[in-house]
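Architecture at a glance
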Amino acid sequence: MSIKVDVQQAIFAILTLITFLGTVYSVKNHTYLDTSDPSVTHLPHHLHRTHYFATKANFLNVLFIKRAWAWTSSAFFLLWITSPRQQRSIRSLSKWALGTAVWLVFTSWFFGPALIERFIAVSGGECTISLPSGATLSIPSEFCFTKSSVSPYTHPYLFASPLLLPEGQWTTVPRMRRGHDVSGHIFLLTMSTLFLADQLALSLRSRSNSPWTPAHKYAVLYTFGTIATWLFATYTTSLYFHTPLEKFTGYLLGIAGYALTRMI
């Protein structure tokens, strides 16, 4: 008796389980870093000496997670271009375009600051500078919204109070802290994983009617590999970064972003 597996439901279940179990483990074993606490975010992760993926400089974060939508887009276009002509629909392109817009609105720009930055500000966040001495300094929010570099030389009025400052041309980029720092990684990884699962399901359903070309087989394998990478990245993020609530809201926003693409 053959058992049919719905690839979308299976991937969604795996993604949810990884996020949940990783978060539970992070709480039970104190492995996560509270990224909204300005007193610790400028320091290395407390597990960086023993856990490679607890460092933000790990290859997964630098090469893949920070470019997650670019990798997701490459998998999508490989699938789309190598699909039979009748399957290359404008609807699929529209879904990708809407997903791109959602990614930009939440992480880069929404008539000014991105939505995630606005969430932090509304929830009580402050624009802060982490000084080399370990002290933190609150400054006006517009410096965080514009991602402006600041220093005692370019903005002396921000450093008017007595502070222990390093010598030389020291500069820094302020960050929003102390508010609810929605996990942007979990948001994007969730949306990317579910979006690719949706596109992959189209190819799998059409296989009996339209045999795959060698190029499309490679595109399907590449997409499976990208999804597997995002699932592993979700695991490492759930384990080492953000509070449980911040990961949960990132997960929900990722589902919401994917749901928007399904409306087309």
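Here we summarise the structure given alongside this text. No experiment lies behind these values; they were computed from the predicted model shown.

Counting secondary structure elements, the protein contains nine helices and three strands. Secondary structure elements of the protein, listed N to C terminal, follow the sequence α-α-α-α-α-β-β-α-β-α-α-α. Once the C-alpha set of the protein is aligned to its principal axes, its extents read approximately 75 × 40 × 30 Å. Here the protein holds 264 residues, and the buried ones make up 44% of them. Nonlocal contacts in the protein, meaning residues at least 24 apart in sequence, comprise 74% of its contacts between residues at least 6 apart. Of the accessible surface of the protein, which amounts to about 13900 Å², a share of 66% is contributed by carbon and sulfur atoms.

Here we take up the pairing of strand β1 (residues 126-130). Looking at chain direction, β1 and strand β3 (residues 175-177) are connected through three bridges and run antiparallel. Paired with T128 across the bridge in β3 is R175. Looking at chain direction, β1 and strand β2 (residues 136-139) are connected through four bridges and run antiparallel. Within the sheet, the bridge partner assigned to T128 lies in β2 and is S138.

By definition, a disulfide links the sulfur atoms of two cysteine residues through a covalent bond. In total, this model carries one disulfide according to the counting rule given. Across the disulfide from C127 sits C144; the S-S distance is 2.1 Å. As the torsion about the S-S bond is roughly 95°, the C127-C144 disulfide counts as right-handed. With C127 in strand β1 and C144 in helix α6 (residues 142-145), the pair connects residues that are 17 residues apart, well separated along the chain. For the pair C127 and C144, a shared accessibility class is recorded, and that class is buried.

Right, let's get into the packing of helix α1 (residues 7-28) against helix α8 (residues 214-240). Remark: α1 packs on α8, axes separated minimally by 7 Å, with the N-to-C direction vectors making an angle of 20°. When the axes of α1 and α8 are compared, the pair comes out roughly parallel. Every pair of crossing elements has a handedness; the one defined by α1 and α8 is right-handed. Facing V7, I11, I14, L15, I18, T19, G22, T23, Y25 and S26 of α1, the residues of α8 in contact are F224, I227, L231, T234, Y235, S238 and L239.

Okay, unusual backbone geometry next. With a phi close to 55°, H30 is a non-glycine residue in the positive phi region. For H30, a relative accessible area of 61% corresponds to the exposed category. Even without being glycine, H242 reaches a positive phi, approximately 75°. For H242, the position within the fold is in the loop between α8 and α9 (244-262). On the accessibility criterion, H242 (9% relative accessible area) is buried.

Side chains of a nonpolar character, in soluble globular proteins, are inclined to be buried together. Core analysis: the largest hydrophobic core is formed by 34 residues, its most contacted members being F106, F187, L188, M191, L196, L200 and I227. Where this core is concerned, the elements lending two or more residues are α1, α3 (68-82), α4 (90-107), α5 (115-122), α7 (184-206), α8 and α9. Those residues in contact with F187 that sit more than four places away from it in its chain are V102, F106, T107, I116, G250, L253 and G254. Formed by 13 residues, the second largest nonpolar core is a distinct cluster that contains L131, I139, C144 and M176.

Cut-offs and rules
- The residue count restarts for each chain, going from 1 along the sequence in the order it is written.
- Local features in a predicted model are, by the rule used here, given only for residues with pLDDT of at least 70; side-chain atom pairs are given and counted only at 80 or more, and totals for whole chains, interfaces and linings are based on all residues.
- For side-chain calculations, the full set of non-hydrogen atoms in the structure is used, while hydrogens and water are omitted.
- Secondary structure elements are defined from DSSP: runs of H or I of at least 4 residues count as helices, runs of E of at least 2 residues count as strands, and each element is numbered from the N terminus.
- Relative accessibility thresholds used throughout: buried, under 20% of the residue-type maximum; exposed, over 50%; partly exposed, between the two (1.4 Å probe, protein chains only).
- Every residue pair with non-hydrogen atoms within 4.5 Å of one another is taken to be in contact.
- Only the protein chains shown count as cover for residues, and the accessible areas themselves come from Shrake-Rupley with a 1.4 Å probe.
- Should DSSP find at least two bridges between two strands, the strands are taken to pair.
- Cysteine sulfur atoms are paired as a disulfide whenever they fall within 2.5 Å.
- Where helices are involved, their axes are fitted lines through C-alpha atoms of the stretch in contact, as for all axes, and angles between N-to-C directions lie from 0 to 180°.
- For classification, angles of less than 35 degrees are called roughly parallel, those exceeding 145 degrees roughly antiparallel, those between 65 and 115 degrees roughly perpendicular, and all remaining angles oblique.
- Less than a right angle of anticlockwise turn of the near helix away from the far helix marks a crossing as left-handed, whereas a clockwise turn marks it as right-handed.
- Buried residues of nine kinds, namely Ala, Val, Leu, Ile, Met, Phe, Trp, Tyr and Cys, make up a nonpolar core once their side-chain atoms join them within 4.5 Å.

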